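Given next are the chains, with one letter for each unit.
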Amino acid sequence: MKYKDFITYVVAGVLCFNCTAQNSKVVNQKIQATDRPEPNVILLLTDDLGWQDVKVYDIDEPSPYETPNLDALAKKGVQFWQAYSPAPTCAPSRCAIMSGTHPARAQKTHVVGGAPPTVYGNKNSQRIIDPWYSGRMPENEMTLARVLQQKGYTTGHTGKWHMAINHFAFPQPTDQGFDVSTADRGATSPQKPHRLTDFATTKADDPFRLDENGFPFHQNSQDALNFLKENKQDPFFLYYATFLVHAPIHTRSKALLEKYCEKLGVPFPTDPNHWDVKGQNNPYYAAMVEMLDYYVGQVFDYLETTDDPRWPGHKLSENTYIIFTSDNGGMENAHGDVVTDNYPLDKGKINAKEGGTRVPLLISGPGIKKGVESDVVVNGLDFYPTILSLLDIEKPKDKHLDGADLSTLLLEDPTDSKLVLDNNGNERTTMMWHFPHASYQSTLRVGDYKFIRNYDYKNNSKTPEFELYKLYATNNGVAERADIEEANNLATSNPEKIKEMNAQLTSILTEMKASYPSYNPYYKSEMEHKETVPTVISASKDNNQVTFKFKENGAKVVTANLIYTTNGGHRYEEWFKADAKINADGTITANLPKGTTHYIINVIDTHNFLVSYPEMPTVKSLKKDKKNYSNYALKNN
């Protein structure tokens, strides 16, 4: 108890000495309630762990993966059956969770980023071009960690970061509000020369020496434990970002690999490069999931068995909130492997359908209901406002948060969706994802319905413009499973609902100023309006202003963006976007931001074709030639 609080209650006790026994009881209860020190928080974010990869989420066929520690955590808190990541890939989800800002609003919608828009491989074979998107969070972002740090919390990050253009590019965790940061991959470091060699042993000099339970030493887990041991005397926030279960898919425990080969009824691998048995039948991956469970279990055990130095007579677990989830859905295929299977959900990581965004979510801590399974729809964007509320910390001034506060839900009734409110104070019934990459989709969940807008539908017989699925049939708060497989497209039979949800999606994306993919004018196959694409003729510069001349060939120029970098030629060359002005005389003008070293112009016409000047190389050729975009851009002399 803080000193001023102690004095307050001492005085209150003296004044109420002659009060009734009942009043004395109330005062004593209040003292006991306020005796709890500021709670701790552990945000445990796994990498590529699918909804069906945790045993407690068995829904159809039982999962062969063993996760006893996570199953036990579910019994100590709330298990959410309809939890989602902010995005179907790693970096945008991580940035959204830490910043509280939706990926579409932040212009951080995929991994890496910070590059001029261009095609990946053959310039003539790719129909559509990703928009420009940011390589990172802004360096001055008021992150969750920064808020807690300013409120006296010791903030620690351990494991994966990936919230910048590269794992080790600026800004790093200590630039974004963390006091401590460690990033050792531990046992997930690739085996050499391949995954059927270099298994961990019991030898004293083995850096991955097997412990008494036969699990390899994992520095990533040890770093998390070290942070807890060294900082338990203060309120702490630990962001434990595991490298598990991301590729490369391998295990340093030969015994675990053998165990799952036997359990799955598959032969011990002989080819280290491929695993092509479909379903949840990859013994490497199964071993990784059990390793993940074991290592996070070490953290849970430490909290359960360690006295809280700030709260005598209590364990750390009694005053620590734990949030366990994944950054996106399971990666079903990677690097020649069938990794896992998200069934009954469709697709997986890098796709905005259910398999790419639905994730396991377990939340426990002081006051939170125990052993509750909830069908309330929640999202990783909700963590920021929820944590602040649970810790009784006000939202930073002028900070926009796109998530909802789940604290009332957690503390009162985790099954009552009416306790989750939107920014207008109404029950939240809507959730949106924007992924203008790879699968090129925006999706909208409204109640039981899921709407999908596909951007790459023109001259594409494989992809409809719109899809509509009824995931559940909810009555009186009880969600009955309907079509979580997204197998029965209702778009044709529900044109009014399609129109309504499409308009709602447009409204949300417009408010967030989202960016969209464009068509590739060099695409060799049929594409209507390709012959009307405008041409950029020349560029000139006068002091800090650049002017581009263009010619319209039938299609009107509707958007122009200056794409520029301030560190051209650097190892972590990073590009940004600024608006440019389209003039009536057939020119485009823009002012070069301070520090610009190189720049290009992007022009988009009324049919959504994108033209770059100068023309940018493909991503593949850039890597092959080991050059930067600045080698092809205009230089600011």
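Residues numbered from 1 in each chain as written. Predicted model: local features only at pLDDT ≥ 70, side-chain atom pairs only at ≥ 80, totals over all residues. Heavy atoms only, no water.

Let us now look at the overall build of the protein. Summing up its helical and strand segments, the protein has 14 helices and 29 strands in all. What you see for the protein is a C-alpha radius of gyration of 27 Å, in line with the 26 Å of a compact globule of 637 residues. Taking the principal axes of its C-alpha atoms as reference, the protein extends roughly 90 × 65 × 55 Å. For the protein, buried positions account for 55% of its 637 residues. Put simply, 68% of the contacts in the protein that link residues at least 6 apart link residues at least 24 apart. By element, 50% of the accessible surface of the protein is carried by carbon and sulfur atoms, the whole surface being about 27,800 Å². Between the mean site of the 68 positive side-chain charges and the mean site of the 78 negative ones, the protein shows a separation of 5 Å. (Helix = DSSP H or I, 4+ residues; strand = E, 2+ residues; numbered from the N terminus. Rg over C-alpha atoms; globule rule 2.2 N^0.38 Å. Buried < 20%, exposed > 50% of the residue type's maximum accessible area, 1.4 Å probe, protein only. Contact = heavy atoms within 4.5 Å. Areas by Shrake-Rupley, 256 points an atom, 1.4 Å probe, with all protein chains shown as cover. Lys, Arg positive; Asp, Glu negative; His and termini not counted. Charge placed at Lys NZ, Arg CZ, Asp CG, Glu CD.)

Turning our attention to the packing of helix α8 (residues 254–264) against helix α9 (residues 283–305). Where α8 contacts α9, the two axes come as close as 8 Å, and the packing angle between them is 120°. Between α8 and α9, the angle is such that the two are oblique. α8 and α9 meet at a crossing whose hand is right-handed. Taking contact as the criterion, the partners of Leu256, Leu257, Lys259, Tyr260, Cys261 and Leu264 in α8 are, on α9, Pro283, Tyr284, Ala286, Ala287, Glu290 and Met291. In terms of residue class, the contact of α8 with α9 is built from ten nonpolar, no polar and two charged. (Axes fitted to C-alpha atoms, helices over the stretch in contact; angles between N-to-C directions. Parallel < 35°, antiparallel > 145°, perpendicular 65-115°, else oblique. Left-handed = near helix turned anticlockwise from the far one by under 90°. Nonpolar A, V, L, I, M, F, W, Y, C, P; charged D, E, K, R; others polar.)

Quick look at the side chain of Thr325 now. Secondary-structure assignment places Thr325 in strand β8 (residues 320–326). With relative accessibility at 3%, the residue Thr325 sits in the buried group. For Thr325, the side chain forms a polar contact with the main-chain oxygen of Pro360, separated by 2.7 Å. Excluding anything up to four places from it in sequence, Thr325 contacts Leu44, Leu45, Thr46, Val359, Pro360, Leu361 and Phe383. (Polar contact = N/O pair within 3.5 Å; in protein donor to acceptor, adjacent residues only side chain to side chain.)

Attention shifts here to the sheet that holds strand β15 (residues 441–446). The four strands are arranged β14-β15-β16-β17 in an open sheet whose pairing can be described as antiparallel. Strands with a single pairing partner mark the edges of an open sheet, and in this sheet they are β14 (430–435) and β17 (466–470). On average, each strand axis in the sheet is inclined to that of its neighbour by 15°, with strand direction left out of account. As defined by bridge partners, strand β16 (residues 449–454) adjoins β17 across five bridges and the pair is classed as antiparallel. Across the sheet, residue Tyr449 finds its bridge partner in β17, namely Lys470. Running at roughly 70° to β16, helix α13 (residues 495–512) makes contact with β14, β15, β16 and β17 of the sheet. (Pairing = 2+ DSSP bridges.)

Quick look at the UniProt feature "domain: Sulfatase N-terminal" (unreviewed entry) in the protein now. UniProt records the feature "domain: Sulfatase N-terminal" (unreviewed entry) at residues 39–393, using the numbering of this structure. Within residues 39–393, the helical portion is 25% and the strand portion 14%, while the C-alpha atoms at the span's ends are 11 Å from each other. (UniProt positions renumbered as here; feature names shortened; annotations may be inferred.)

Following Leu244, the chain continues into Val245 via a peptide bond in cis, with omega recorded as 10°. With respect to the element layout, Val245 can be found in the loop between β7 (236–241) and α8. Cis geometry is adopted by the peptide bond preceding Pro614, which originates at Tyr613 and carries an omega value of -10°. In this structure, Pro614 sits in the loop between β28 (610–613) and α14 (619–625). A positive phi angle, close to 65°, is found at Lys347, a residue other than glycine.

With that settled, the discussion passes to empty space enclosed by the protein. For the structure shown, the criterion picks out four cavities of 30 Å³ or more. Computed from the structure, the largest cavity encloses a volume of approximately 130 Å³. If you trace the largest cavity, you find 13 residues lining it, with Lys123, Ile129, Tyr522, Leu610 and Ser612 closest to the centre. Ranked by residues supplied to the lining of the largest cavity, first place goes to β28 with three residues. Grouping the constituent residues of the lining of the largest cavity by class yields eight nonpolar, three polar and two charged. (1 Å grid on protein atoms, 1.4 Å probe; cavity = no way out; pocket = protein on both sides within 12 Å on 5 of 7 lines; lining within 4 Å. Points joined across faces, edges and corners; volume = space filled by probe spheres on them.)

A word on the pattern of salt bridges. Applying the stated criterion to the full structure yields 27 salt bridges. A salt bridge links Asp60 to Arg481; the shortest N-O distance between them is 2.9 Å. Taken together, the residues span a long stretch of sequence, with Asp60 in the loop between β1 (40–46) and α3 (68–75) and Arg481 in strand β19 (residues 478–481) at a distance of 421 residues. Glu354 serves as the salt-bridge partner of Lys450, at 2.8 Å between the closest nitrogen and oxygen. One end of the pair, Lys450, is in strand β16; the other, Glu354, is in helix α10 (residues 354–357), and 96 residues separate them in sequence. (Salt bridge = Lys/Arg side-chain N within 4 Å of Asp/Glu carboxyl O.)

Once that is clear, we can look at helix α4 (residues 90–99). Summarising burial for α4: ten of the ten residues are buried, a large majority. Regarding α4, the residues found buried are Cys90, Ala91, Pro92, Ser93, Arg94, Cys95, Ala96, Ile97, Met98 and Ser99. Looking one or two residues past α4, Gly100 carries a phi angle of roughly 80°, positive in sign.

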